[in-house]
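What the coordinates show
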Amino acid sequence: MDTEWPRWEVFKQDTPNKPHQAVGSVHAADPQHALLTARNVFARRPQAVSMWVVRAEDVFSVTKEELLEANHEPQATGHKPQAFAAFRKTSHKRSMTFVDYVGEVEAASPEEALQKAQATFTDAEALAWWLVPAAKIVKSDPSPETIESWFAPAKDKTYKQQQYYATVGSHVSKHKGGRGVEDERSGEECASC
Amino acid sequence: MPVKYGVPSDPDYNERLAEFEARIHRGEKIEPGDWMPEEYRRQLIRMISQHAHSEVVGMLPEGAWITRAPTLKRKMILVAKVQDEAGHGQYLYHAAETLGVSREAMLEALLAGKAKYSSIFNYPTLTWADIGTIGWLVDGAAIKNQTMLAACSYGPYSRAMVRICAEETFHHKQGKEMVLLYAKGTPKQRQMAQDAINRWWWPALMMMGPHDKDSPNTEILTRWGIKTKSNDTVRQEFINEHAPEILEAGLTIPDPELRYDEKSGNWLHGPINWDEFWQVVGGNGPMNKERLEARRRAHAEGAWVREALEAYAAKQHKTAVAV
């Protein structure tokens, strides 16, 4: 049975100075539903000021390996040039995000957009590219009221941070060599624990 | 996105496999669109979907206590934690989808009782102290595994794990704090905490799965950088951290053979009851039927919400087309 809603790729911006970054995807029936779901799934913690969603089928994606293997030469499409948002991944380092937004290029096709992005954003080697028609990106409302109501509440929920929980106990070395079944309470507290 | 899954009968399989393994060896991440062995894909789908289901089913034992939390603070913490588990399920379903399996197919397998999830969630939560103990021991065990998987070779799985670990640490801490408080509390509170530790200790040790010698997938999973540590290694890390902390708190551990080994620096445990483990995995645990029933009921009772969302989306679309 095919009842699955379309998949939307989600981009989250942590602070105004940082780029939007791909964080994962959600399934949703329409763009507003996708944004709301994205907010509930990916912004339960502080550090968000904006979210974008785009239908997964509108994302043109290539990895470095694919670039080496296949021909991605732009074909004449007869389409009018439009703005494409370019996203790029540059590091294999451990991360919770995939590609970062780097800017826009004008192109008549995703392949041409890729070519232009490669020529424009040359400051680092790309391990993967995503090209998305800019007009297809649905953005969260940038007004301060919306940012406040969507993202500020998470900031007050300090109990979601591990630092909120101080824990105390006696020093570990006390129990080394002892048997696990002993039931001896220790009144000592260790400042460093 | 053209995805290439190689099988041994491909003429260039060995050559490509060597390149693939060299990439993993160099610490590169394999991304959707890159060549990968079909067996790598199959193992990842198996692991990630089981993991996703575990997050989703894992909401049930704890969700049952939201209405009975002793204070508003504890209730807010528990609500946030259960919300996190729902989110973690979503991160993981997303990671599995990048391998070409649909979210719908995974959910159907769960509801049909065909999919596996962590056996720990088939045990009941009998008292409020179970909530703290689940955070401390069950999430503590999960974090050990998840920290290992955060280093895995498949990009989307690794990223989901990094995100999950960052949030899961709060689950672990709030649970530890709660149990330590009860351990210092009234005799009744101490007894409640002890009873919970007694019931959850062994199932927590079983969470890392069978011993290495009984874990046939480990070799290939390690070779391909999906797992970077064996089940027994992760289990030992868990015991080495938690055993002394439980004892520090003045609580006991229900293993008469548990002892600290000076030579290896490890806390050695007695034999694990694997018969019980396989019984629970096989569907005969204390709560298997109830968990599945609860998932099915939630899915059925949410049908009208899905219908309403679809109707609204269709109406928006119609209006947009008309304009």
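Structure: above.
Residues numbered from 1 in each chain as written. Chains lettered and ligands numbered in written order. Predicted model: local features only at pLDDT ≥ 70, side-chain atom pairs only at ≥ 80, totals over all residues. Heavy atoms only, no water.

Here's the deal with the overall build of chain B
What counts here: Put simply, DSSP marks the helices as runs of H or I at least four residues long and the strands as runs of E at least two long, and each gets a number from the N terminus on. Radius of gyration here is computed from C-alpha atoms only, and the compact-globule reference equals 2.2 Å multiplied by the residue count raised to the power 0.38. Only protein chains enter the accessibility calculation, which uses a 1.4 Å probe. A residue is then buried if its area is under 20% of the maximum for its type, exposed if over 50%, and partly exposed in between. Residue contacts are counted whenever heavy atoms from the two residues lie within 4.5 Å of one another. In this tally, Lys and Arg are treated as positive and Asp and Glu as negative; His is ignored, and so are the chain termini. The atom standing in for a charge is NZ when the residue is Lys, CZ when it is Arg, CG when it is Asp and CD when it is Glu.
Broken down by element type, chain B carries 13 helices and four strands. Taken against the 2.2 N^0.38 rule, which gives 20 Å for 323 residues, the C-alpha radius of gyration of chain B at 22 Å falls within 12% of a compact globule. Each principal axis of the C-alpha atoms in chain B carries an extent, and together these give about 65 × 55 × 35 Å. Classification of the 323 residues of chain B by burial places 58% in the buried group. Put simply, of all contacts in chain B between residues at least 6 apart along the chain, 78% involve residues at least 24 apart. One finds the centroid of the 40 positive side-chain charges in chain B at a distance of 5 Å from the centroid of its 42 negative side-chain charges.

Quick word on the layout of surface pockets
What counts here: Put plainly, a pocket is an open set of points on a 1 Å grid over the protein atoms alone with protein on both sides within 12 Å along at least five of seven lines, a cavity is a set where a 1.4 Å probe fits but cannot get out, and a lining residue has an atom within 4 Å of a point. Grid points are joined across faces, edges and corners, and a volume is the space filled by probe spheres set on the points. All residues other than Ala, Val, Leu, Ile, Met, Phe, Trp, Tyr, Cys, Pro, Asp, Glu, Lys and Arg, Gly among them, are scored as polar; the first ten of these are nonpolar and the last four charged.
Here the largest pocket is characterised by a volume of approximately 1,700 Å³. The wall of the largest pocket is formed by 44 residues, among which Trp5 of chain A together with Gln90, Leu107, Arg295 and Arg306 of chain B lie closest to the centre. Elements that contribute at least two residues to the lining of the largest pocket include exactly β2 (21-27), α1 (31-42) and α4 (144-156) of chain A together with α3 (59-63), α4 (72-97), α5 (103-111), α12 (288-301) and α13 (303-322) of chain B. In this structure, the second largest pocket is lined by 49 residues; those nearest its centre are Gln50, Tyr117, Ser118, Ser119 and Met207 of chain B. Elements that contribute at least two residues to the lining of the second largest pocket include exactly α2 (38-57), α4, α6 (129-149), α7 (155-183), α11 (274-284) and α12 of chain B. Looking at the lining of the second largest pocket, the element that brings in the most residues is α6 of chain B, giving nine residues. Taken together, the residues of the lining of the second largest pocket break down into 22 nonpolar, 16 polar and 11 charged.

Some details on the pattern of salt bridges
Quick reminder of the rule: Any carboxyl oxygen of Asp or Glu that lies within 4 Å of a side-chain nitrogen of Lys or Arg is treated as forming a salt bridge with it.
One pass over the structure, following the stated rule, counts 34 salt bridges over all chains. Measuring nitrogen to oxygen at the nearest pair gives 3.1 Å for the salt bridge that ties Glu9 of chain A to Arg7 of chain A. Residue Glu9 of chain A is classed as buried on the basis of its relative accessible area, which comes to 8%. When its relative accessible area of 24% is taken as the criterion, Arg7 of chain A is described as partly exposed. Measuring nitrogen to oxygen at the nearest pair gives 2.8 Å for the salt bridge that ties Glu237 of chain B to Lys229 of chain B. For Lys229 of chain B, a relative accessible area of 31% corresponds to the partly exposed category.

Comments concerning the packing of α12 of chain B against α13 of chain B
All names here are of chain B. How we decide: Fitted lines through C-alpha atoms serve as axes, helices being fitted only where they are in contact, and the angles separating the N-to-C directions of these axes extend from 0 to 180 degrees.
Look at α12 against α13: their axes get within 4 Å of each other, and the N-to-C directions meet at 35 degrees. Together, His299, Ala300 and Glu301 of α12 and Ala303, Trp304 and Arg306 of α13 make up the contact between the two elements. Of the residues contributing to the contact of α12 with α13, the split by class is three nonpolar, one polar and two charged.

Regarding helix α8 (residues 187-206) of chain B
Residues and elements named next belong to chain B. Selection criterion: Given the number of residues in a helix, its expected span is that number minus one, multiplied by 1.5 Å. Fitting axes to the seven residues ending at a residue and to the seven starting there, one defines the bend at that residue as the angle between these axes.
Compared with an ideal rise of 1.5 Å per residue, which puts 20 residues at 28 Å, α8 spans 30 Å between its outermost C-alpha atoms and is within 8% of the ideal. The sharpest bend along α8 comes to roughly 35 degrees, located at Trp200, with the proline Pro203 sitting one to four residues further on. Every buried residue of α8 is accounted for by Arg190, Ala193, Gln194, Ala196, Ile197, Trp200, Trp201, Trp202, Pro203, Ala204, Leu205 and Met206. The secondary structure elements touched by the buried residues of α8 are α6, α7, α10 (231-248) and α11.

A short note on α2 of chain B
Between its first and last C-alpha, α2 of chain B extends 28 Å over 20 residues, near the 28 Å set by a 1.5 Å rise per residue. Taken across its 20 residues, α2 of chain B has 15 buried, putting it largely inside the fold.

Section: the packing of aromatic side chains
Residue and element names in this part refer to chain B. Put simply, the rule is: Between the rings of Phe, Tyr and Trp (Trp by its six-membered ring), a pair exists once the centres lie within 6.5 Å; its type follows the angle of the planes, with under 30 degrees stacked, over 60 edge-to-face, and the other angles tilted.
The full count for this structure, using the stated rule, is 22 aromatic pairs over all chains. Geometrically, the ring pair formed by Phe20 and Trp224 is edge-to-face, given 6.1 Å between the ring centres and 85 degrees between the ring planes. With a gap of 204 residues between them, Phe20 in helix α1 (residues 13-25) and Trp224 in the loop between α9 (218-223) and α10 connect regions that are remote in the sequence. Judged by relative accessible area, Trp224 falls into the buried class, the value being 4%.

A short note on a negative patch on the surface
All names here are of chain A. Our working definition: Residues form patches when they are more than 30% accessible in relative terms and have no salt bridge. Like charges link within 9 Å. Nonpolar side chains (Val, Leu, Ile, Met, Phe, Trp, Tyr) link within 5 Å. Surface accessibility follows the Shrake-Rupley procedure with a 1.4 Å probe radius. Residue values consider only the protein chains on display as shielding.
On the surface, a cluster of negative charge is contributed by Asp141, Glu145, Glu148 and Asp156. Here Glu148 is to be found in helix α4. According to the relative accessible area criterion, Glu148 is exposed, its value standing at 53%.

Thoughts on the interface of chain A and chain B
Heads up, the condition is: The quantity reported as buried area is the accessible area (1.4 Å probe) lost by two parts once they are put together, taken as the sum for both. Polar contacts, as counted here, are pairs of nitrogen or oxygen atoms within 3.5 Å of one another; within protein the pair requires one atom able to donate a hydrogen and one able to accept it, and residues that are adjacent in sequence qualify only if both atoms are side-chain atoms.
Taken together, the contact between chain A and chain B spans 57 residues of the former and 64 residues of the latter. Both faces considered, chain A and chain B share a buried interface measuring about 5,400 Å² in area, 54% of it formed by carbon and sulfur atoms. At the surface where chain A touches chain B, the tally comes to seven salt bridges. For Asp84 of chain B, the salt bridge identified is with Arg45 of chain A, shortest N-O distance 2.7 Å. Run the count over chain A and chain B and you get 17 residue pairs in polar contact (both at pLDDT 80 or more). Among the elements that make up the side of chain A that touches chain B, the one with the highest residue count is β2 of chain A (four residues).

Thoughts on the pairing of strand β7 (residues 128-133) of chain A
Residues and elements named next belong to chain A. Heads up, the condition is: Strand pairing is assigned whenever DSSP detects at least two bridges linking the two strands.
Counting buried residues along β7, six of its six residues qualify, which places the element largely inside the surrounding structure. Side-chain alternation along β7 places Ala128, Trp130 and Val132 on one buried face and Trp129, Leu131 and Pro133 on a second face that is also buried. The pairing of strand β4 (residues 60-63) with β7 spans four bridges and is classified as antiparallel. When the sheet's bridge partners are listed, Ser61 is paired in β7 with Trp130. Taken together, the six bridges between strand β5 (residues 82-89) and β7 define a ladder with antiparallel strand orientation. By the bridge assignment for β7, Ala85 is matched with Val132.

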